[in-house]
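# Fold and geometry: a report
Single-letter residue listing:
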Amino acid sequence: QVQLVESGGGLVQPGGSLRLSCAASGSIRRIYTMAWYRQAPGKQRELVANIISGGSTGYADSVKGRFTITRDNVKNAVYLQMNSLKPEDTAVYYCNAQIATVIITGPANYWGQGTQVTVSS
């Protein structure tokens, strides 16, 4: 099977930075789009940023210019560099990837367990 394991969350003051990491492991044949989502208390989960295998990226308007998504196709990993953090960025951040495995040849959707990011003074 496939696992996505996130790391890098925590408590940071407004204006600070954090870097989230997510590594995929298992019987992976190919990883397509990788993305970060977030869910704040009482709100729906929302897309923060995504990156396709070729490297093109997309961002939510609320994080453009502050967050940067990158990926390492050798390590099967995706990263989210978050700068100029604001209290409204507080949420649980989830890694997401569309992955084809050795057994399931078409891409399936996989999620990490989530990592808490809290922006507060």
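Residues numbered from 1 in each chain as written. Predicted model: local features only at pLDDT ≥ 70, side-chain atom pairs only at ≥ 80, totals over all residues. Heavy atoms only, no water.

In terms of helices and strands, the chain carries 0 helices and 11 strands. Of the regular secondary structure in the chain, the N- to C-terminal order runs β-β-β-β-β-β-β-β-β-β-β. Relative to its length of 121 residues, the chain is compact, with a C-alpha radius of gyration of 14 Å against a globular reference of 14 Å. Counting the 121 residues in the chain, one finds 40% classified as buried. Pairs at least 24 residues apart make up 56% of the contacts formed inside the chain by residues separated by at least 6 positions. As presented, the chain carries roughly 6,400 Å² of accessible surface, and 49% of it is formed by carbon and sulfur atoms. (Helix = DSSP H or I, 4+ residues; strand = E, 2+ residues; numbered from the N terminus. Rg over C-alpha atoms; globule rule 2.2 N^0.38 Å. Buried < 20%, exposed > 50% of the residue type's maximum accessible area, 1.4 Å probe, protein only. Contact = heavy atoms within 4.5 Å. Areas by Shrake-Rupley, 256 points an atom, 1.4 Å probe, with all protein chains shown as cover.)

On to the nonpolar core, then. The biggest cluster of nonpolar side chains holds 31 residues, and the ones touching the most others in it are Trp36, Leu80, Met82, Tyr93 and Ile99. For this core, the secondary-structure elements that each account for two or more residues are β1 (2–7), β3 (18–26), β4 (28–39), β5 (46–51), β7 (67–72), β8 (77–82), β9 (91–101) and β11 (115–119). In terms of residue count, the dominant contributor to this core is β9 (5 residues). Sequence-distant contacts of Leu80, defined by excluding residues within four places in its chain, comprise Leu18, Arg19, Leu20, Trp36, Val48, Ala49, Phe67, Thr68, Ile69 and Tyr93. (Core = buried A, V, L, I, M, F, W, Y, C linked by side-chain atoms within 4.5 Å.)

Looking now at the sheet that holds β3. Taken together, 4 strands build an open sheet; the order of strands is β1-β3-β8-β7 and the sheet is antiparallel. If you trace the sheet from one side to the other, it starts and ends with β1 and β7, each paired once. Across the sheet, the mean angle from the axis of one strand to that of its neighbour is 15°, orientation sign disregarded. (Pairing = 2+ DSSP bridges. Axes fitted to C-alpha atoms, helices over the stretch in contact; angles between N-to-C directions.)

The next point concerns the state of the cysteines. Using the criterion set out here, one finds 1 disulfide in the structure. Between the sulfur atoms of Cys22 and its disulfide mate Cys95 the distance is 2.1 Å. The sign of the -80° torsion about the S-S bond sets the Cys22-Cys95 disulfide as left-handed. On the criterion of sequence distance, the pair formed by Cys22 in strand β3 and Cys95 in strand β9 is long-range, its members being 73 residues apart. In this structure, Cys22 and Cys95 share a single accessibility class: buried. (Disulfide = S-S within 2.5 Å.)

On to the packing of aromatic side chains, then. In this description, an aromatic ring pair is defined by two values, namely the gap between the centres and the angle between the planes. This structure, assessed with the given rule, holds 1 aromatic pair. Arg45 extends its terminal NZ or CZ atom over the ring of Tyr94, reaching a point 3.7 Å from the ring centre. Across the ring face of Trp111, the terminal group of Arg45 is positioned such that the distance to the ring centre comes to 4.7 Å. (Phe/Tyr/Trp six-rings, centres within 6.5 Å; stacked < 30°, edge-to-face > 60°. Lys NZ or Arg CZ within 6 Å of the ring centre and 35° of its normal.)

Right, let's talk about unusual backbone geometry for a bit. Despite not being glycine, Asn76 has its phi angle at roughly 55°, a positive value. By the secondary structure assignment, Asn76 is in the loop between β7 and β8. Under the relative-accessibility criterion, Asn76 is labelled partly exposed at 23%. Of note in this structure, Ser84 is not a glycine but carries a positive phi near 50°. With respect to the helices and strands, Ser84 occurs in the loop between β8 and β9. Taking the relative accessible area as the measure of exposure, Ser84 reaches 41% and is therefore partly exposed.

Any functional reading would require information beyond the geometric quantities listed.
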